[in-house]
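Overview (structure and organization)
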Amino acid sequence: MTLKELEPQLLALSDDEKAQVVQLLSQGKITLGRGIEKTPDVCGGSACIAGTRITVWGLVEARRIGYSEADLLTSYQALSATDIANAWTYAEAFPDEIETEIRENDEVMDEEL
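Report on the accompanying structure. Treat the numbers as computed from the prediction; the structure is a model and nothing was measured.

When helices and strands are counted, the protein chain shows six helices and two strands. Ordered by position from N to C terminus, the α and β elements of the protein chain give α-α-β-β-α-α-α-α. In the protein chain, which comprises 113 residues, the proportion classed as buried is 27%. Considering only intrachain contacts with a sequence separation of at least 6, the fraction spanning at least 24 residues in the protein chain is 48%. When the accessible surface of the protein chain is totalled, it reaches about 7600 Å², and 54% of it is carbon and sulfur. Positive and negative side-chain charges of the protein chain, numbering 9 and 22 respectively, have mean locations separated by a distance of 7 Å.

Pasting the structure below:
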């Protein structure tokens, strides 16, 4: 089956099903796009899409509050679908790190209110 033949079926999927497809594809050996990097002086050393200040925990939090992957690609025009797949793979590999960063951000936001 070619991508051209598969495209109508993929476009007909629900957002949840599309997210599952992206997760399945991210398990393969696809290396296109940027990876994830942690730089001490960028976003407090949080894991980010390489070459950006877009944190993995921020993408995870956005997904939790209802942003679809299409919404993320629209909101962050510098991102590719591969970047998002890399973020989900990273988040699955390091869930404790991501949860800690989300919690710490929530605490800082609560202090500022």
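Given a rise of 1.5 Å per residue, 18 residues ought to cover 26 Å, and the 26 Å separating the end C-alpha atoms of helix α6 (residues 95–112) matches this to within 8%. Considered for burial, the residues of α6 that qualify are E97, I98, E101 and I102. Buried residues of α6, seen end-on, are gathered within an arc of 130 degrees and therefore sit on one face of the element. For α6, exposure combined with an orientation more than 90 degrees from the buried face picks out D96, D110 and E111.

Mapped onto the secondary structure, S80 falls in the loop between α4 (69–75) and α5 (81–93). When the C-alpha positions of S80 and P8 are compared, they lie 20 Å apart, and in sequence the two are 72 residues distant. If we ignore the near neighbours within four places in the chain, the residues touching S80 are R34 and L73.

Okay, unusual backbone geometry next. Backbone geometry places C43, a non-glycine residue, at a positive phi of 50 degrees. By secondary structure assignment, the location of C43 is in the loop between β1 (36–38) and β2 (47–49). Since its relative accessible area comes to 22%, C43 is described here as partly exposed.

Before going further, it helps to examine the side chain of E101. Inspection of the secondary structure puts E101 in helix α6. Here E101 occupies a buried position and makes no salt bridge, while the nearest side chain of opposite charge, K38, is found at 5.6 Å. Among the polar contacts listed, one links the side chain of E101 to the side chain of S46, at a separation of 3.0 Å. In this structure, E101 is in contact with S46, A47 and W57, ignoring residues within four places of it in sequence.

Of all hydrophobic cores here, the largest spans 19 residues; its most connected members are V56, L59, V60, W88 and I98. At the level of secondary structure, the elements contributing two or more residues to this core comprise β2, α3 (56–64), α5 and α6. The dominant element in this core, judged by the number of residues it contributes, is α5, at six residues. In contact with V60, other than residues within four places in its own chain, are W88, A91, I98 and I102.

Here is what the cut-offs are and how they apply
Residues numbered from 1 in each chain as written. Predicted model: local features only at pLDDT ≥ 70, side-chain atom pairs only at ≥ 80, totals over all residues. Heavy atoms only, no water. Helix = DSSP H or I, 4+ residues; strand = E, 2+ residues; numbered from the N terminus. Buried < 20%, exposed > 50% of the residue type's maximum accessible area, 1.4 Å probe, protein only. Contact = heavy atoms within 4.5 Å. Areas by Shrake-Rupley, 256 points an atom, 1.4 Å probe, with all protein chains shown as cover. Lys, Arg positive; Asp, Glu negative; His and termini not counted. Charge placed at Lys NZ, Arg CZ, Asp CG, Glu CD. Expected span 1.5 Å × (residues − 1). Arc of directions from axis to C-beta. Salt bridge = Lys/Arg side-chain N within 4 Å of Asp/Glu carboxyl O. Polar contact = N/O pair within 3.5 Å; in protein donor to acceptor, adjacent residues only side chain to side chain. Core = buried A, V, L, I, M, F, W, Y, C linked by side-chain atoms within 4.5 Å.

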